[in-house]
Amino acid sequence: MTSPTIELFKKRFTESGGRLFMPTRQDVPTILKTIQNHERARRILIEEPVLRIFPLNTTPFPGASTEILSFGDRKHSTRSAHLERLRDIDMAISTVDGLVAETGSILMVHRNHPGQWHVLLPPAVVFLASPHQLIGDLEALFARLSRELESLEDGYHLITGPSKTADIEKQLVIGMHGPRSVYLLLLSDAPSPERDPTA
Amino acid sequence: MAQTVHLFIPCFVNAFFPTVGIACVEILENLGYRVVYSTDQTCCGQPAYNSGYVKEARSLATRAIQLFGVADYIVAPSGSCTAMLKHYYGTLPLTRKERQDWDLCRNRFYEITQFITRVAGVNHWKGTFPHSVTFHDACHALRELGIRDEPRQLLTRIQRLKLIEMPHADRCCGFGGTFSVKFPELSTAILEAKIASLKQTGAEFVVSTDSSCLMHIAGYLKKHGESITALHLVEVLWQAWKNDGSPPILNGTHAP
Amino acid sequence: MDHNPLTNPTRNAPASGFKQWVRLYLQNSRYRENIRRATEHALEQRRLAVDEIPDWERLRQEGHRRKQQIIDHLPEHLNQFIENARARGIVVYQAPDARTANQFVEQIARQHGVRRIVKSKSMVTEEIGLNAHLQQNGLEVVETDLGEYIVQLAGETPVHLVGPALHKSRQEIGQLFAEKLGVTYTEDPSELTRLARNILREKFLTADMGITGANFGIVDSGRVVVVENEGNARLCMTLPRIRVVIMGMERLIPSEADLPLFLTLLCRSATGQRLTSYVSITGGPASSPSPEGPEKVYYVVVDNGRSRLLQDPHLKKALYCIRCAACYNICPIYQTIGGHAYGWVYQGPIGAVITPELSGDQRADDLPFASTLCGACSDICPVKIPLHHLLLYQRQRIVQRTSGPHSEKLGFALFEKLARHSMLWNRMIRLLGKVQRVFPGELPVPGWTHSRIFPRVEWPTFTQWWQKHKRKTP
Ligand code: SF4
């Protein structure tokens, strides 16, 4: 992945209102703690695949409860129990399925993240990604996706910055229905995520 | 031998703003063209066409086409009428013969600013006009014929003329032909936005390529005692010559 | 007068005529100020975003071409789209008109024991009057887009395709919230937004059904695409058990490979963004069991007069529309009177073109005449719909189809007779000049002289000057 693409992504992601860090694996715990502090997060949800990139369970967040959302949980819990579990989360940590430099967007594929409640309901979301997940522009993204379309039965989803509205006098307000804070930790030394359909 | 220009004068210019037509004659003759005009000419039919009256528009269109004869060019001091002649006639239900006649004309139609700059090749207007001027883009000239830079090119080369651009010069003034009397309050409300932006410039004159917009703008300015004067572009060009004494010989690249 | 009771074109069009509405709204300076500020802001945002794309013109051309391909063979594409959607386990219903669409949605709700419905912004549901129908049948319907929520609270209809409440000032919204929600008055947009978020979050968590529109339907995958900024559409489509997508039958694009183009055209034209915060490309219910996402997905594909547009070789171009509202924002009419003065769901230039066909209502016949034909709409349209030509075309159709104002018909007949004979024509001019000169004061010209001086006939007229000085004829 060429560095101009990274530079473009950084610029566009930040312009869309996201906050970007480019830490090494070593720095991750400190950064996460800073974010947690800043967001005053007391209930933190970690999506299981994150742990395969980074062993976060070794990083307890001070004064917060941490839980792991696994695929098994998604399979076996009922709708209401699952909702009960997710509704009061303050901060979620998730992997991504791709990044688009042109627009500064994050790709989430439903197969890997069914429903994606965890990135919609909490006020803050932290994404972990690695530079090899970067795609140049929308054209390249959809060209790649088109090869995968049949395996993406349930669709996919692009997130560009935080949830926002300008419905009152065109004044921009961040954090309407979705998260008001979107963080991305672009790990410079991360291994390839196992289930990356775009890689 | 000099090339011939058949002048097409919009019906309301003929009646209300004859100096615009006279300026056209003076300019074209001084550029070395032989100017002809048919006193049989009336209206191109646009008011009927724009109101949805195709039959009436067609009748006047076929009549107009018959008047043009064999002149090298057919030139009008109006983007609106030129667009009607050049583009919209083609959408009328003409007979084959009528369409052939129109086909023989359509590539000879020019709005006068376009004619001066593109055909006569004059982009450097020699003359003096010691006033501040703001330019209003007439919608049809701008969007149907793509005239945007030409008038500004001509104006900015005139000695001591100060061109002050108004905000949103390319927005409609609210005239719209029969619209202006069908929805008078709405037409006036749109006009008021245009008046506000031209007043912001503090210019003494508002200039455009279509007398229809100017009739609408000037009508409001006069009614409300505003001191800004509306002028057609050709009036400014002609006046700039007169201010310099006699019209200079112009070296247009294509001037005959 | 802030309140416009029109909810639906077929039921509540201005009986007193569009012109009365225009006069009424012209007097509302606060409303007009809000509209102007919002449209100027949107235009500026758009300009910045479009300037980033050097080959914007080519993209528009391409958008036009791809929509043309779809619309020229709409029935085939529609069948294919529906077939592909069904293969994904989606139940698809084609609704010929508003009534059947509404009944179908009501039936789905009954079948699944739905009580509360959350809904994201969808113009087609406004067009068919879905909310009113569902509410009359005892269902709770909550609009969740902030702007839509505001107009729903106010009992109004959207004033704009993209910004439903952009006619309201923060003070008006503050008062509305205080009155309807029993909260302490505030006019701080962030605070108002937070209030709405909290109320609506509870609705989301307890809703049984989510309704969204669709910005695009993808023919070769049967998926739909929803573009939004707030995240409410995302929540509508994933939180409730039942998901319903309502879309006009023309909303199709060929394949997902067309999305880069159409997302670029739409987002940049509508809000001046490179991409909105959320773009969702969704299919049917989850293929593997999951509590997240809907158990059942329905598409309701609405005709409701679109076939009438499709039948006409010119008007079918109006079906290329991707509902970006750029033509609203640039239109001098819309900028001056705002959406409510139109009295119909679709406003601005595109609304004036399609409403006469969609509604089949003669009261919409004034709309195509309410235009200066300045052409700014055609210039800005991201899919190059020749809007001002279509307005002209509609005028012709209306004149042909209706008996029209009798005086106008006679007027143009007389005008044509006079203009065919230069002698009569010139006599008329002389007569007018004479009357203007003997009339004490200004000769009144109906519809003109209340605000503008009418010019006087000049002697000599150009023709007279020519006869005197030149006498050359071709
Ligand atoms: S007609 Fe064109 S400009 Fe108007 S809303 Fe539709 S796509 Fe946008």
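Reading the values: the criteria
- Every chain is numbered on its own, with residues counted from 1 as its sequence reads.
- Working convention: letters from A go to chains and numbers from 1 go to ligands, in the order in which they are written.
- Under the rules for a predicted model, residues below a pLDDT of 70 receive no local features and side-chain atom pairs below 80 are neither given nor counted, while totals for whole chains, interfaces and linings still include all residues.
- Computation of side-chain values: all heavy atoms of the structure, hydrogens and water removed.
- Helix and strand labels come from DSSP, where a helix needs a run of H or I of at least four residues and a strand needs a run of E of at least two; each type is numbered from the N terminus.
- Partly exposed describes any residue whose relative accessible area lies between the buried limit of under 20% and the exposed limit of over 50%, with all areas from a 1.4 Å probe on protein chains only and scaled to the type maximum.
- We call two residues contacting when some pair of their heavy atoms lies within 4.5 Å.
- Surface exposure here means Shrake-Rupley accessible area, sampled with a 1.4 Å probe, where a residue is shielded only by the protein chains that are shown.
- Asp and Glu count as negative and Lys and Arg as positive, but His and the ends of the chain are not part of the count.
- For the purpose of locating charges, the reference atoms are NZ of Lys, CZ of Arg, CG of Asp and CD of Glu.
- Residues adjacent in sequence count toward polar contacts only when both atoms are side-chain atoms; beyond that, a polar contact is any pair of N or O atoms within 3.5 Å, and within protein one must be able to donate a hydrogen and the other to accept it.
- By convention in these notes, a residue is near a molecule or strand provided one of its non-hydrogen atoms lies within 4 Å of it.
- Residues were grouped as follows: Ala, Val, Leu, Ile, Met, Phe, Trp, Tyr, Cys and Pro as nonpolar; Asp, Glu, Lys and Arg as charged; and all remaining residues, including Gly, as polar.
- Note that the domain bounds were set by an automatic or database domain assignment.
- A 1.4 Å probe defines the accessible area here, and the buried area is the portion of it lost by two parts on being joined, summed over both.
- Put simply, a salt bridge is a Lys or Arg side-chain nitrogen that is within 4 Å of an Asp or Glu carboxyl oxygen.
- Paired strands are those between which DSSP finds at least two bridges.
- The term nonpolar core refers to a set of buried residues drawn from Ala, Val, Leu, Ile, Met, Phe, Trp, Tyr and Cys, joined through side-chain atoms within 4.5 Å.
- A pair of Phe, Tyr and Trp rings is counted when the ring centres sit within 6.5 Å of each other, with Trp represented by its six-membered ring. The angle between the planes then sorts it: under 30 degrees is stacked, over 60 is edge-to-face, the rest tilted.
- Only when the NZ of Lys or the CZ of Arg is both within 6 Å of the ring centre and within 35 degrees of the ring normal is a charge said to sit over the ring.
- Patch building starts from residues that exceed 30% relative accessible area and form no salt bridge, then joins like charges within 9 Å and nonpolar side chains (Val, Leu, Ile, Met, Phe, Trp, Tyr) within 5 Å.
- pLDDT measures how confident the predictor is about each residue, on a scale from 0 to 100.
- Axis definition: a line fit to C-alpha positions, over the contact stretch in the case of helices; interaxial angles, taken between N-to-C directions, run 0 to 180 degrees.

S.K.: It is not clear to me how the overall build of chain C should be interpreted in this structure. Could you clarify?
M.R.: The helix and strand tally for chain C stands at 22 helices and 10 strands. Here chain C, with 474 residues, has 64% of them falling under the buried criterion. Contacts in chain C between residues at least 24 apart in sequence constitute 73% of all its contacts with a sequence separation of at least 6. Working note: accessible area of chain C is about 17,300 Å², and carbon and sulfur atoms make up 52% of it. Within chain C, one finds 60 positive and 47 negative side-chain charges whose respective centroids are separated by 8 Å.

S.K.: Would you take a moment to explain the side chain of arginine 243 of chain C for this structure?
M.R.: Relative to the elements of secondary structure, arginine 243 of chain C occurs in strand 7 (residues 242-248). There is a polar contact of 3.4 Å between the side chain of arginine 243 of chain C and the side chain of threonine 212 of chain C.

S.K.: How should the site of the ligand be read in this particular structure?
M.R.: Neighbouring residues of the ligand: Leu161, Cys321, Ile322, Arg323, Cys324, Ala325, Cys327, Ile350, Cys381, Pro382, Ile385 and Leu387 of chain C. Of the residues contributing to the shell around the ligand, the split by class is 11 nonpolar, no polar and one charged.

S.K.: Even after reading the chapter, I still don't get the domain arrangement of chain C, so can you show me in this structure?
M.R.: By convention, interface size is frequently given as the accessible area that disappears when the constituent parts associate. Structurally, chain C comprises domain 1 (18-307) and domain 2 (408-472). When each unit is reduced to the centre of its C-alpha atoms, the spacing between domain 1 of chain C and domain 2 of chain C is 53 Å.

S.K.: I keep staring at the interface of chain C and chain B and nothing clicks. Help me out?
M.R.: Taken together, the contact between chain C and chain B spans 71 residues of the former and 69 residues of the latter. When the two sides are added together, the surface that chain C and chain B hide from each other amounts to roughly 5,900 Å², 65% of it contributed by carbon and sulfur. The largest contributions to the chain C side of the interface with chain B come from Phe412, Arg452 and Phe462 of chain C, which together make up 12% of the buried area. Inspection of the chain C/chain B interface yields five salt bridges. Residues glutamate 185 of chain B and arginine 23 of chain C are paired through a salt bridge, measuring 2.8 Å at the closest nitrogen-oxygen approach. For the pair chain C and chain B, the number of links is 27 residue pairs in polar contact (both at pLDDT 80 or more). For the side of chain C that touches chain B, the secondary-structure elements that each account for two or more residues are helix 2 (18-26), helix 3 (29-51), helix 16 (332-337), helix 18 (376-380), helix 19 (387-401), helix 20 (406-419), helix 21 (422-438) and helix 22 (462-469) of chain C. Considered class by class, the residues forming the side of chain C that touches chain B number 33 nonpolar, 20 polar and 18 charged.

S.K.: Is there a simple way to think about the sheet that holds strand 8 (residues 134-135) of chain A in this case?
M.R.: Note on sheets: strands pair through backbone hydrogen bonds, and any given pair is parallel or antiparallel. In spatial order, the strands read 8(A)-5(A)-6(A)-9(A)-9(C)-6(C)-5(C)-8(C); together these eight strands make up an open sheet with mixed pairing. Two strands lie at the open edges of the sheet, namely strand 8 of chain A together with strand 8 (252-253) of chain C, each paired on one side alone. Where strand 6 (residues 105-109) of chain A meets strand 9 (residues 155-159) of chain A, four bridges bridge the pair, whose relative direction is antiparallel. Across the sheet, valine 109 of chain A pairs through a bridge with tyrosine 156 of chain A, a residue of strand 9 of chain A.

S.K.: Could you clarify how one ought to interpret the nonpolar core in this entry?
M.R.: Ranked by internal contacts, the top residues of the largest apolar core, which has 243 residues, are Phe142 of chain A, Tyr89 and Trp125 of chain B together with Val244 and Ile246 of chain C. The leading source of residues in this core is helix 13 (residues 259-270) of chain C, at eight residues. The residues contacting tyrosine 89 of chain B, other than those within four sequence positions of it, are Cys44, Leu60, Ala61, Ala64, Ile65, Met84, Leu94 and Trp102 of chain B. By size, the runner-up hydrophobic cluster in this structure holds 50 residues, among which are Val96 and Ile168 of chain A together with Val118 and Tyr278 of chain C.

S.K.: Honestly, the packing of aromatic side chains in this entry has me stumped. Any pointers?
M.R.: Centre-to-centre distance and the angle between the planes together describe a pair of aromatic rings. One pass over the structure, following the stated rule, counts 37 aromatic pairs over all chains. Seen in terms of ring centroids, phenylalanine 183 of chain B and phenylalanine 18 of chain C are 5.9 Å apart; in terms of plane orientation they differ by 65°. Their pairing is edge-to-face. Taken together, the residues phenylalanine 183 of chain B in the loop between helix 10 (179-182) and helix 11 (184-200) and phenylalanine 18 of chain C in helix 2 connect one chain to another. Given a relative accessible area of 3%, phenylalanine 183 of chain B falls into the buried group. Residue phenylalanine 18 of chain C is classed as buried on the basis of its relative accessible area of 2%. One aromatic cluster in this structure is built from Phe12, Phe16, Phe17 and Phe175 of chain B together with Trp448 and Phe454 of chain C. Positioned above the aromatic ring of tyrosine 110 of chain B is the side chain of lysine 86 of chain B, whose terminal nitrogen or guanidinium carbon lies 5.7 Å from the ring centre.

S.K.: What is the right way to look at the pairing of strand 7 (residues 124-129) of chain A in this model?
M.R.: Regular strands place their side chains on alternate faces of the sheet. Residues and elements named next belong to chain A. The element strand 7 is extensively covered by neighbouring structure, given that six of its six residues are classed as buried. Residues Ala124, Val126 and Leu128 of strand 7 are buried on one face, and the alternating residues Val125, Phe127 and Ala129, pointing to the opposite face, are buried as well. Bridging between strand 4 (residues 91-95) and strand 7 involves five bridges; their strand directions are parallel. The partner of isoleucine 93 across the bridge, within strand 7, is valine 126.

S.K.: Looking at this structure, I do not really get the arrangement of the chains. What am I missing?
M.R.: By contact count, the leading pair among the two pairs of chains in contact is chains B and C. Here chain A and chain B are not in contact; the least distance found between their C-alpha atoms is 21 Å.

S.K.: Whenever I open this one, the interface of chain C and chain A confuses me. Can you help?
M.R.: Between chain C and chain A, the contact holds 69 residues from the first and 49 residues from the second. Between chain C and chain A the total buried area reaches about 5,100 Å² when both faces are included, carbon and sulfur atoms providing 54% of it. Seen at the junction of chain C and chain A, the total is five salt bridges. With a closest N to O distance of 3.1 Å, arginine 87 of chain A and glutamate 202 of chain C form a salt bridge. At the junction of chain C and chain A, the tally comes to 32 residue pairs in polar contact (both at pLDDT 80 or more). At 11 residues, helix 11 (residues 189-206) of chain C tops the list of elements feeding residues into the side of chain C that touches chain A.

S.K.: Quick question: what am I supposed to make of a nonpolar patch on the surface here?
M.R.: Residues and elements named next belong to chain C. Together, Leu431, Val435 and Phe439 make up a nonpolar patch on the protein surface, roughly 240 Å² of accessible area in all. With respect to the helices and strands, the residue phenylalanine 439 is situated in the loop between helix 21 and helix 22. A residue is classified by how much of its surface remains accessible, and phenylalanine 439, at 34% relative accessible area, is partly exposed.

S.K.: Is there a simple way to explain the domain arrangement of chain B in this structure?
M.R.: Residue and element names in this part refer to chain B. Taken domain by domain, chain B comprises domain 1 (4-119) and domain 2 (132-243). The centre of domain 1, based on its C-alpha atoms, is set 22 Å off from the matching centre of domain 2. Between domain 1 and domain 2, the contact holds 31 residues from the first and 23 residues from the second. Both faces combined, the contact of domain 1 with domain 2 buries some 2,200 Å², and carbon together with sulfur accounts for 68% of it. Taken together, the links from domain 1 to domain 2 amount to one salt bridge. For arginine 118, the salt bridge goes to glutamate 150, with nearest N and O atoms at 2.3 Å. Where domain 1 touches domain 2, the interface holds 11 residue pairs in polar contact (both at pLDDT 80 or more).

S.K.: Explain the confidence of the model for chain C here, please?
M.R.: A low pLDDT means the predicted coordinates there should not be read in detail. All names here are of chain C. Put simply, chain C has an average pLDDT of 93, and 95% of its residues get 70 or more. Contacts from residues 1-13, a stretch scored under 50 in pLDDT, to residues over four places away or in other chains number 45 contacts. For this predicted complex, the interface confidence comes out at an ipTM of 0.94, alongside a pTM of 0.94.

S.K.: Just checking my understanding: could you explain the sheet that holds strand 4 (residues 109-111) of chain B for this structure?
M.R.: Residue and element names in this part refer to chain B. Spatial strand order, 2-1-3-4: four strands in an open sheet with parallel pairing. The open sheet has two edge strands, strand 2 (34-36) and strand 4, and neither has a second partner. For this sheet the average axis-to-axis angle between neighbouring strands, irrespective of direction, equals 35°. Examined bridge by bridge, strand 1 (residues 4-7) and strand 2 share three bridges and lie parallel to one another.

S.K.: Honestly, the environment of glycine 177 of chain B in this entry has me stumped. Any pointers?
M.R.: Position of glycine 177 of chain B relative to the elements: it lies in the loop between strand 6 (162-163) and helix 10. With a relative accessible area of 29%, glycine 177 of chain B lands in the partly exposed category.

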